[in-house]
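Next come the chains, spelled out residue by residue.
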Amino acid sequence: MNPPFGEPPEKILPLLRTFSSFSDNIAAPFAERFLSRSTFVGMVLDRALLIRKTHEPFRRLFLGQGANKLRGFANFGWGVLDANVEVAALIAGDTTTDASYLFSKSGEAETLKWLPTSGFAALPNMVISGDVPDFVANAFASNSPLADSIACARVGHQWKSERYLRLWWEGAKVGPFVYNGAPFAPYIFITRNRLVCDPASPEVECEPSTVLRNTAYHYKAGVAYGKRGVHLDAHILPGGHTFTVEGLACFPLTESAKWVLLAYLNSTPVSALLSFYCGQHKHVGYVNSLPFAEQWELTADALEALQRYVDDKRRLLTVDETSPVFITSTDESLRCGDLSKGFDSLSKSLAKVSHKFGELQMAVDREVSRWLKFPDGWELLHGLKETVDSVPEHNP
């Protein structure tokens, strides 16, 4: 069938809203009506129904729990119908097979590719798209979402930063250190921010815009990441810190699980996964949709490299006077007053840590690719290479 599509007239909205699939496109109720009366339906439709977030209720007709109806689909592009719309086709019907086929045409060649239907169901917003590689769909289908793990991402407090947030050296009245996100600095970042008082104090709570969330998790050690940024980078969250709506946090139960999650969230494969459904704002809903398995373990070599890098980077931060972990240089040349030798030594230390970061990142990417069962050379595939190449170089 070729159901009508587009925005419906006002007078029939009450009727259309009786259908669970309706959002703002009249085609969805027509499809729902036909599916309720037939075990096999084919339809030509607006591709927006397959990919736009607002049409997730429509896609739940085929991918929702117990639905299991998607059999196949095709993307035909623009210029197929008289209307100015990108056209797709979809075949649905009762089935017990976890597979759907993608029909595509390149020049004169026509091909069929089988994809796991459960992979689409596991993707955020249940997007039905042939642009998602099968190994990406399999990663989502074969693993539970991070949301099902004890280590799921959580949102922190919200308060007026211009009123309550200070640099750690400002003022005598200070509260806890605050993780509020960070510039791109994978694995470790030492915050310079503190609150002027405890976030649960009457001074903060009485403010109308204050919202306190997940209070049982504040001041615990974990893994945190900044919500804003093209690429995700996560950091060790020390105990005694509070976190915010900008700096989100996860709390694995064990020390080994913390290192696994830290490596996972900083990996290039995870950046690639997020690129299919997430923009520059990494809200907890997006990160918690990532495929994750609590039984994953880092190899001994990868774990040692990660811990050594974090220790070396933290040691470097002790010579940064803006850092709360500042002590003084342990370099004899600085203590004796020879600044030239001191800066030369610091420069060599930075170069050494930078080199270690490159080696660490390659080791982490291999580990995570193995966990997710990505094929060799995945990072060279069209659509993924652009994401991999756009990850900024980190300069410690």
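Residues numbered from 1 in each chain as written. Predicted model: local features only at pLDDT ≥ 70, side-chain atom pairs only at ≥ 80, totals over all residues. Heavy atoms only, no water.

J.: Just checking my understanding: could you explain the overall build of the chain for this structure?
T.: Along the backbone of the chain there are 15 helices and 14 strands. Counting across all 396 residues of the chain, residues that qualify as buried make up 48%. Within the chain, contacts between residues separated by at least 24 positions form 65% of all contacts whose residues are at least 6 apart in sequence. With an accessible surface of roughly 19,700 Å², the chain has 53% of that area assigned to carbon and sulfur atoms. (Helix = DSSP H or I, 4+ residues; strand = E, 2+ residues; numbered from the N terminus. Buried < 20%, exposed > 50% of the residue type's maximum accessible area, 1.4 Å probe, protein only. Contact = heavy atoms within 4.5 Å. Areas by Shrake-Rupley, 256 points an atom, 1.4 Å probe, with all protein chains shown as cover.)

J.: Just checking my understanding: could you explain helix 4 (residues 56-63) for this structure?
T.: Within an α-helix, residues lying three or four positions from one another point in the same direction, as the helix has 3.6 residues per turn. Most of helix 4 sits inside the fold, with 6 of its 8 residues counted as buried. Residues of helix 4 that are buried include every one of Glu 56, Phe 58, Arg 59, Leu 61, Phe 62 and Leu 63, and no others. Against helix 2 (27-37), strand 1 (40-46), helix 3 (48-51), strand 2 (70-77), strand 3 (87-93) and helix 5 (117-122) lie the buried residues of helix 4.

J.: Explain unusual backbone geometry to me, please; I cannot follow it from the model alone.
T.: We note that Met 126 has phi near 55 degrees; this positive angle belongs to a residue other than glycine. Here Met 126 is to be found in the loop between helix 5 and helix 6 (134-142). Of note in the backbone geometry, Tyr 187 takes a positive phi value of approximately 85 degrees without being a glycine. Its place among the elements puts Tyr 187 in the loop between strand 8 (177-179) and strand 9 (193-195).

J.: Even after reading the chapter, I still don't get the state of the cysteines, so can you show me in this structure?
T.: On inspection of all chains with the given rule, the structure shows 0 disulfides. A disulfide-free cysteine, Cys 152 has its sulfur positioned 7.3 Å from the sulfur of Cys 250, the nearest such atom. (Disulfide = S-S within 2.5 Å.)

J.: Honestly, the environment of His 235 in this entry has me stumped. Any pointers?
T.: Looking at where His 235 falls in the secondary structure, it is placed in strand 11 (residues 234-237). Assessed through its relative accessible area of 0%, His 235 is described here as buried. For the pair His 235 and Ala 263, spaced 28 residues apart in the sequence, the C-alpha separation amounts to 9.5 Å. When residues no more than four places from it in sequence are discounted, the contact partners of His 235 are Tyr 179, Ala 182, Pro 183, Ala 185, Pro 186, Tyr 187, Ile 188, Phe 189, Gly 222, Val 223, Ala 224 and Leu 262. A distance of 2.8 Å separates the side chain of His 235 from the backbone oxygen of Ala 185, its partner in a polar contact. (Polar contact = N/O pair within 3.5 Å; in protein donor to acceptor, adjacent residues only side chain to side chain.)

J.: What am I meant to see in the sheet that holds strand 11 here?
T.: Within a sheet, neighbouring strands are paired by backbone hydrogen bonds and run either parallel or antiparallel to one another. On the basis of which strands lie adjacent, the open sheet formed by 3 strands has the order 11-10-13 and antiparallel pairing. Lying at the two open borders of the sheet, with one neighbouring strand each, are strand 11 and strand 13 (247-250). The sheet shows a mean angle of 35 degrees between the axes of neighbouring strands, direction not considered. Inspection of the sheet shows strand 10 (residues 222-226) paired to strand 13 by 4 bridges, in the antiparallel sense. Bridging across to strand 13, Gly 226 finds its partner in Gly 247. Contacting strand 10, strand 11 and strand 13, helix 9 (residues 255-265) crosses the sheet at an angle of about 155 degrees to strand 11. (Pairing = 2+ DSSP bridges. Axes fitted to C-alpha atoms, helices over the stretch in contact; angles between N-to-C directions.)

J.: Honestly, the nonpolar core in this entry has me stumped. Any pointers?
T.: Nonpolar side chains in soluble globular proteins tend to end up buried together. Membership of the largest hydrophobic core comes to 80 residues, with the highest contact counts inside it found for Phe 58, Phe 62, Tyr 264 and Leu 265. Residues in contact with Tyr 264, not counting those within four places in the same chain, are Val 270, Leu 273, Leu 290, Pro 291, Phe 292, Trp 296, Val 368, Trp 371 and Leu 372. (Core = buried A, V, L, I, M, F, W, Y, C linked by side-chain atoms within 4.5 Å.)

J.: Would you explain the pattern of salt bridges in this entry?
T.: A side chain of one charge can pair with a side chain of the opposite charge if their charged atoms are brought near each other. Applying the stated criterion across every chain yields a total of 15 salt bridges. Close ionic contact of Lys 258 with Glu 255 constitutes a salt bridge, the shortest N to O distance being 3.0 Å. On the criterion of helical spacing, the pair formed by Lys 258 and Glu 255 is a turn pair, its members being 3 residues apart in helix 9. According to the relative accessible area criterion, Lys 258 is buried, its value standing at 13%. Owing to a relative accessible area of 48%, Glu 255 belongs among the partly exposed residues under this scheme. With a closest N to O distance of 3.1 Å, Glu 367 and Arg 370 form a salt bridge. Of the two residues, Glu 367 and Arg 370 both sit in helix 14 (residues 339-372), 3 residues apart, roughly one turn of that helix. Bridged by salt links that share partners, the residues Lys 160, Arg 163 and Glu 207 form one connected network. (Salt bridge = Lys/Arg side-chain N within 4 Å of Asp/Glu carboxyl O.)

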